[in-house]
Amino acid sequence: MKVKEKVIDGLTFSVAPFPALEALRLKSYLVKTLGPALASAIDLFRGTKGSASDIDVSGKSLAGVVEKLTASLGEDDFVALVRRMFRYVSVNGKNEDGKPIVAQFGDGFFEDAFDRVFEGRLFSIYPVMLLVLEANYPDFFGKAAGSIGSLTRRINTFAQGSGGAKPDSMKSEG
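Caption draft 1: Broad picture of the pairing of strand β3 (residues 89-94). Along β3, the buried face is formed by V89, V91 and G93; none of S90, N92 and K94, which line the opposite face, is buried. Pairing geometry for strand β2 (residues 11-15) and β3, over four bridges, is antiparallel. Considered in β3, the bridge of T12 is made with N92. Here five bridges tie β3 to strand β4 (residues 100-104), and the two strands are oriented antiparallel to one another. By the bridge assignment, G93 is partnered in β4 with I101. Where β3 folds back onto β4 in an antiparallel hairpin, the turn is made up of five residues, including G98, whose phi is positive at roughly 85°.

Here's what the structure looks like:
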């Protein structure tokens, strides 16, 4: 597999694939501990009758997935999972002040990189997590969910809040 890149919340994230044994271990852990949350995420795809762009990634539907995710893990376990998933992630871009952000999340500098990159954009960790999964398990998402890229784009749009256009399913009525 090759490095996968995606712009999320104005920053370019690059994900290098895990070594095969770590990918296998992580997949086992995710299925065992996060099965209900993964099933909810997949249901976001299956609930559509039209194209992938019709997926409802509203705050309510995404909150249900996140709720199941956090119910499966304690606070320290969740941070450990994010640290593990981001081990081969790097980022390049600029913050709101136009200052460059260049970071790697590997061993020894995770906390500093995390604080610099996600300050004021904490919700963006979820599309990055999806990107890591997409980069490392394309066969799983290709078969089970079909269009993970569309979901990542929709979550990214949602994460940007008022700074970006919201999908129709997230616009308030009235």
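There's more to say after this.
Caption draft 2: Fine view of the environment of Y29. For Y29, the location among the structural elements is in helix α1 (residues 20-46). The partly exposed category is assigned to Y29, whose relative accessible area is 24%. A C-alpha to C-alpha distance of 9.6 Å links Y29 and L81, two positions 52 residues apart in sequence. For Y29, the residues in contact, after removing those within four places along its chain, are L34, L73, L81 and R84.

Caption draft 3: Region of interest: the packing of aromatic side chains. Counted under the stated rule, the structure contains 11 aromatic pairs. Ring centres 5.4 Å apart and planes at 75° place the aromatic pair F86 and F105 in the edge-to-face group. Taken together, the residues F86 in the loop between α3 (75-85) and β3 and F105 in the loop between β4 and α4 (110-118) connect sequence positions 19 residues apart. Classification of F86 as buried rests on a relative accessible area of 0%.

Caption draft 4: Highlighting the nonpolar core. Core analysis: the biggest nonpolar cluster contains 34 residues, and F13, F86, F105, V117 and F118 have the highest contact counts within it. Every element with two or more residues in this core is listed here: β2, α1, α3, β3, β4, α4 and α5 (125-136). Other than its neighbours up to four places away in sequence, F86 contacts F105, F110, F114, F118, I125, V128 and M129.

Caption draft 5: Here's a closer look at the pattern of salt bridges. Scanning the entire structure with this criterion turns up eight salt bridges. For R83, the salt bridge identified is with E111, shortest N-O distance 3.4 Å. Pair noted here: R83 is in helix α3 and E111 is in helix α4, with a separation of 28 residues, a long-range link. Taking the relative accessible area as the measure of exposure, R83 reaches 35% and is therefore partly exposed. Accessibility expressed as a relative area gives 53% for E111, which makes it exposed. Between R87 and D107 there is a salt bridge, with the nearest N and O atoms lying 2.9 Å from each other.

Quick notes on the rules
Residues numbered from 1 in each chain as written. Predicted model: local features only at pLDDT ≥ 70, side-chain atom pairs only at ≥ 80, totals over all residues. Heavy atoms only, no water. Buried < 20%, exposed > 50% of the residue type's maximum accessible area, 1.4 Å probe, protein only. Helix = DSSP H or I, 4+ residues; strand = E, 2+ residues; numbered from the N terminus. Pairing = 2+ DSSP bridges. Contact = heavy atoms within 4.5 Å. Phe/Tyr/Trp six-rings, centres within 6.5 Å; stacked < 30°, edge-to-face > 60°. Core = buried A, V, L, I, M, F, W, Y, C linked by side-chain atoms within 4.5 Å. Salt bridge = Lys/Arg side-chain N within 4 Å of Asp/Glu carboxyl O.

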